[in-house]
Amino acid sequence: MQYPERFSNLPAYAFPRLRSLLDAHAPGGEPLAMTIGEPQHPFPGFVTTILNEYVSEFARYPVNEGTEGLLEAISGWLGRRYGVEVGPERLMALNGTREGLYNAAHALCPELKGGRQPVVLTPNPFYQVYAVAALSVGAEPVYVRATKETGHLPDYAGLPRDILDRTALAYICSPANPQGAVASRDYWRDLLALAERHDFRVLADECYSEIYRDAPPPGILDVAAEIGADPERVVAFHSLSKRSNLPGLRSGFVASGPESIRRIRQLRAYAGAPLPLPLQRVAEKVWDNEDHVVENRALYAEKYDIADQVFDNLPGYVTPPAGFFLWLRVADGEAAALRLWTETGIRVLPGAYLSREVGGENPGAGYIRVAMVAPREEVQRGLSLIRDCLYG
Ligand SMILES: Cc1ncc(COP(=O)(O)O)c(C=O)c1O
């Protein structure tokens, strides 16, 4: 039997890899998972009511692009959140943003750029679907370090001209998973200007946009509207998974120019898995409601206060401005994760499982990622054990 070669060099996914590292060893204390970014705060209570009300619609095939009500609700949210006008023709409902981030590359990445193999840029470390999307469309993924020196966001403008000229798509995550860095208005402006000069699209993964400490992170749609960027160049992704603690609902959306959305819709009409109608009804009401988002943010803020107290004296420790992870410096991420598990029972993710080695350097290797999704007391216990075990 033959298999495709294009995925042969993909490492095992982060979580099976972690299980291989840790599961042969007994935990050194009461186990606590601080690995996966699965929110554990409550989702809004009205979700159950809406679901019950529309349950009979499971009997119908769902609308591909999203119901009118859902697209209107998303359009309204974008208007309130970013002050932008994005009509339903510029929106597409997604079955969670992960599949959208993957499928958008199929709909939007050309076969060749200037007669050559196209490049897809991704930050390094990064949310892993970006690389698989690039490989799937036959593009060359180029991993661009996003380290302390670059403000934890990639410096795409510093790439060689030849790479930039071949670039068709650039993924960017703000607030960034795993580092929690936020793209400033200047960062977005510079990136859009670079995209204009080298004629590529920016795919902005903003699914942590509502989990922030002080100021709401600026969004690409907002800055693009302000500077009059071509809407077809801008592809923004948002999700209810983190904003509303509904990762299992599988609901997000993509916003772009009408032609890009038309192409995304067409591909999905053939091959997509639209969100079931009762879930679209739920999503509509959840985008319309902001109270639960404010409460959710406050719960994360309490956890960051705990982290600030626990790591108060740790040199180099900084609270990330957004997201719900800590990205902690260690000598070796894998060794630290193994030690934490065997000595305390705390599970964290080695940073290298989220990044690639380029030119002999793996920018995630000296880090662990800690998800602060568990209840407060558990987070307090976990962080204190991490401090005592790794930095004591
Ligand atoms: C950076 C980033 N992008 C996208 C996603 C996908 O979210 P969903 O598919 O639940 O919308 C996640 C989920 O963990 C993520 O961390």
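Model, not experiment: these values are computed from the prediction.

Enquirer: Would you mind going over the site of the ligand with me for this structure?
Expert: Lining the immediate surroundings of the ligand are 14 residues, of which Thr97, Asp205, Ser239, Ser241 and Arg250 lie closest. In the model, an oxygen atom of the ligand is placed 3.0 Å from a nitrogen or oxygen of the Arg98 main chain. Between the ligand and Arg250 there is a distance of 2.7 Å, counted from an oxygen atom to a side-chain nitrogen or oxygen. When isolated, the ligand has an accessible area of 400 Å², and the protein chains bury 92% of it. Those elements that place two or more of their residues in the shell around the ligand are helix H4 (97–108) and helix H9 (240–243). Looking at the shell around the ligand, the element that brings in the most residues is H4, giving three residues.

Enquirer: Honestly, the packing of helix H12 (residues 291–310) against helix H14 (residues 376–391) in this entry has me stumped. Any pointers?
Expert: Packed helices, taken two at a time, are described by their axes: the angle between them and the distance between them. Running from N to C, H12 and H14 point in directions that differ by 25°, and their axes come no closer than 10 Å. In terms of their interaxial angle, H12 and H14 are classed as roughly parallel. When you trace H12 past H14, the crossing you get is right-handed. Only Arg376, Val379, Gln380, Leu383, Ser384 and Arg387 of H14 make contact with H12, whose side of the interface consists of Glu302, Lys303, Ile306, Ala307 and Val310. Tallied by class, residues from the contact of H12 with H14 come to five nonpolar, two polar and four charged.

Enquirer: What should I look at first to understand the pattern of salt bridges in this one?
Expert: Side-chain pairs of opposite charge can arise where the charged atoms are in close proximity. Taken as a whole and judged by the stated rule, the model has 24 salt bridges. Ionic pairing is found between Arg268 and Glu99, a salt bridge with its closest N-O pair at 2.6 Å. Of the two residues, Arg268 is situated in helix H10 (residues 258–271) and Glu99 in helix H4; the sequence distance between them amounts to 169 residues. With respect to burial, Arg268 and Glu99 carry one shared label: buried.

Enquirer: Is there a simple way to explain the domain arrangement of the chain in this structure?
Expert: Accessible area lost during the coming together of the parts is what is often quoted as the interface size. The domain architecture assigned to the chain consists of domain 1 (14–42 + 292–391) and domain 2 (46–288). When each unit is reduced to the centre of its C-alpha atoms, the spacing between domain 1 and domain 2 is 26 Å. Each partner contributes to the interface: domain 1 provides 28 residues, whereas domain 2 provides 28 residues. Interface area for domain 1 against domain 2, summed over the two sides, is near 2600 Å², with a carbon-plus-sulfur share of 57%. Area buried by domain 1 at its contact with domain 2 is led by Arg297, Trp327 and Arg356, which between them contribute 22% of it. The tally of links between domain 1 and domain 2 comes to one salt bridge. Among the salt bridges present, the one from Glu361 reaches Arg145, with a minimum N-O distance of 3.1 Å. Across the domain 1-domain 2 interface, the total number found is 20 residue pairs in polar contact (both at pLDDT 80 or more). Among the elements of the structure, H12, strand E9 (325–329) and strand E12 (367–371) are those that each provide at least two residues to the side of domain 1 that touches domain 2. Of the residues forming the side of domain 1 that touches domain 2, the biggest block, six residues, is contributed by H12. By residue class, the composition of the side of domain 1 that touches domain 2 is 16 nonpolar, seven polar and five charged.

Enquirer: So what exactly am I meant to see when it comes to the nonpolar core here?
Expert: One broad trend across soluble globular proteins is that nonpolar side chains are buried collectively. Among the nonpolar cores identified, the biggest contains 54 residues, and Leu78, Leu121 and Ile220 are the most heavily contacted of them. Not counting residues up to four positions away in its chain, the partners in contact with Leu78 are Gly83, Val84, Val86, Leu91, Leu221, Phe253 and Ala255. In this structure, Ala307, Val310, Leu314 and Ile346 belong to the second largest nonpolar core, which totals 36 residues.

Enquirer: Even after reading the chapter, I still don't get the side chain of Glu57, so can you show me in this structure?
Expert: Structurally, Glu57 can be placed in the loop between helix H2 (46–53) and helix H3 (68–82). Its relative accessible area of 11% is what places Glu57 among the buried residues. What Glu57 contacts, discounting residues up to four positions off in sequence, is Leu277, Pro278 and Arg281.

Thresholds, definitions, all that
- Note on numbering: residues in each chain are counted from 1, in written sequence order.
- Since the coordinates come from a predicted model, pLDDT governs what is reported: local features require at least 70, and pairs of side-chain atoms require 80 or more to be given and counted, while whole-chain, interface and lining totals use all residues.
- Hydrogens and waters are ignored; side-chain quantities use all the structure's heavy atoms.
- Throughout, near means a residue has at least one heavy atom within 4 Å of the molecule or strand.
- For this analysis, a polar contact is any N or O atom pair within 3.5 Å, provided that within protein one partner can donate a hydrogen and the other can accept it, and provided that sequence-adjacent residues contribute only side-chain to side-chain pairs.
- Surface accessibility follows the Shrake-Rupley procedure with a 1.4 Å probe radius. Residue values consider only the protein chains on display as shielding.
- A helix here means a DSSP run of H or I that spans at least four residues, while a strand means a run of E at least two residues long, and both kinds are numbered starting from the N terminus.
- All axes are obtained by fitting lines to C-alpha atoms, using only the stretch in contact for helices, and the reported angles, taken between N-to-C directions, cover 0 to 180 degrees.
- An angle counts as roughly parallel when it lies under 35 degrees, as roughly antiparallel when it exceeds 145, as roughly perpendicular when it falls between 65 and 115, and as oblique in every other case.
- Each crossing gets its handedness from the near helix: less than a right angle anticlockwise from the far helix is left-handed, clockwise is right-handed.
- We call two residues contacting when some pair of their heavy atoms lies within 4.5 Å.
- Classes in brief: Ala, Val, Leu, Ile, Met, Phe, Trp, Tyr, Cys and Pro nonpolar; Asp, Glu, Lys and Arg charged; the others, Gly included, polar.
- Salt bridges are defined as contacts in which a side-chain nitrogen from Lys or Arg sits within 4 Å of a carboxyl oxygen from Asp or Glu.
- Type-normalised accessible area, obtained with a 1.4 Å probe on protein chains alone, sets the label of each residue: buried when under 20%, exposed when over 50%, and partly exposed for intermediate values.
- Source of the domain bounds: an automatic or database domain assignment.
- Defined in terms of a 1.4 Å probe, buried area is the accessible area two parts forfeit on being brought together, summed over both.
- As used in this record, nonpolar core signifies buried Ala, Val, Leu, Ile, Met, Phe, Trp, Tyr and Cys residues forming a set joined through side-chain atoms within 4.5 Å.

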